[in-house]
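Observations on the three-dimensional arrangement
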Amino acid sequence: MPRIRAAYHDPDGTRYGIPTYWWRGAPHGYATRRQLTAAGLRPGGQPVAAQVLWRGVGGTRAAYLYRVDLARPKRTATPAQRAAIGKALTARRTCRICRQVRPYYIPRSLGECLACAFPQEDAA
Ligand SMILES: [Zn+2]
């Protein structure tokens, strides 16, 4: 085992104050805020439960972990909010030139869809 892993392994928190694991060494049941968000959850006011330390750019980096069993579901949008969001997303995919709804967001730098911005004049 590389020495670096042992240095960052402190599951009892005696050295760092909170349970500390090396990268990918964290036990199941913990997740970063980003992982919770991806799962449709939020920390829900709980304190940081553990941390992952690793040597990264500029020195020791830390990622804070939350307990999954204490996480709460993300606030769900009301039907009206969802409709508004859906409309906004559709608008972002609608070209103002040809009025077509594209499978991608209209690039803000172009202001129109790719077909309008780069017409293929030599298309068969
Ligand atoms: Zn277009």
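Keep in mind that what you see is a predicted model, and the values were worked out from it rather than measured.

**Side note on the packing of aromatic side chains**
Counted according to the given criterion, the structure contains one aromatic pair. A centroid spacing of 6.4 Å and a plane angle of 45° characterise the contact between Tyr21 and Tyr30, whose relative ring orientation is tilted. Note that Arg92 overlies the ring of Tyr105, its terminal NZ or CZ placed 4.0 Å from the centroid.

**As for the nonpolar core**
Counting residues in hydrophobic clusters, the biggest one holds five residues: Tyr21, Ala50, Val52, Ala63 and Leu65. Counting only elements with at least two residues in this core, the list comes to β4 (50–56) and β5 (59–67). Dropping the residues within four chain positions of it, Ala63 is found in contact with Thr32, Ala50, Gln51, Val52 and Trp54.

**So, the side chain of Gln51**
Among the structural elements, Gln51 can be located in strand β4. A relative accessible area of 8% means that Gln51 is categorised as buried.

**Observations regarding the pattern of salt bridges**
Inspection of every chain in the model, using the stated rule, returns one salt bridge. In this structure, the salt-bridge partner of Asp69 is Arg67, at a minimum N-O distance of 2.8 Å. Under the relative-accessibility criterion, Asp69 is labelled exposed at 57%.

**Here's the deal with unusual backbone geometry**
The phi dihedral of Arg99 is positive, around 65°, even though this residue is not glycine. Examined against the element boundaries, Arg99 turns out to sit in the loop between α3 (79–92) and α4 (114–117).

Definitions and limits used
Residues numbered from 1 in each chain as written. Predicted model: local features only at pLDDT ≥ 70, side-chain atom pairs only at ≥ 80, totals over all residues. Heavy atoms only, no water. Phe/Tyr/Trp six-rings, centres within 6.5 Å; stacked < 30°, edge-to-face > 60°. Lys NZ or Arg CZ within 6 Å of the ring centre and 35° of its normal. Core = buried A, V, L, I, M, F, W, Y, C linked by side-chain atoms within 4.5 Å. Buried < 20%, exposed > 50% of the residue type's maximum accessible area, 1.4 Å probe, protein only. Helix = DSSP H or I, 4+ residues; strand = E, 2+ residues; numbered from the N terminus. Contact = heavy atoms within 4.5 Å. Salt bridge = Lys/Arg side-chain N within 4 Å of Asp/Glu carboxyl O.

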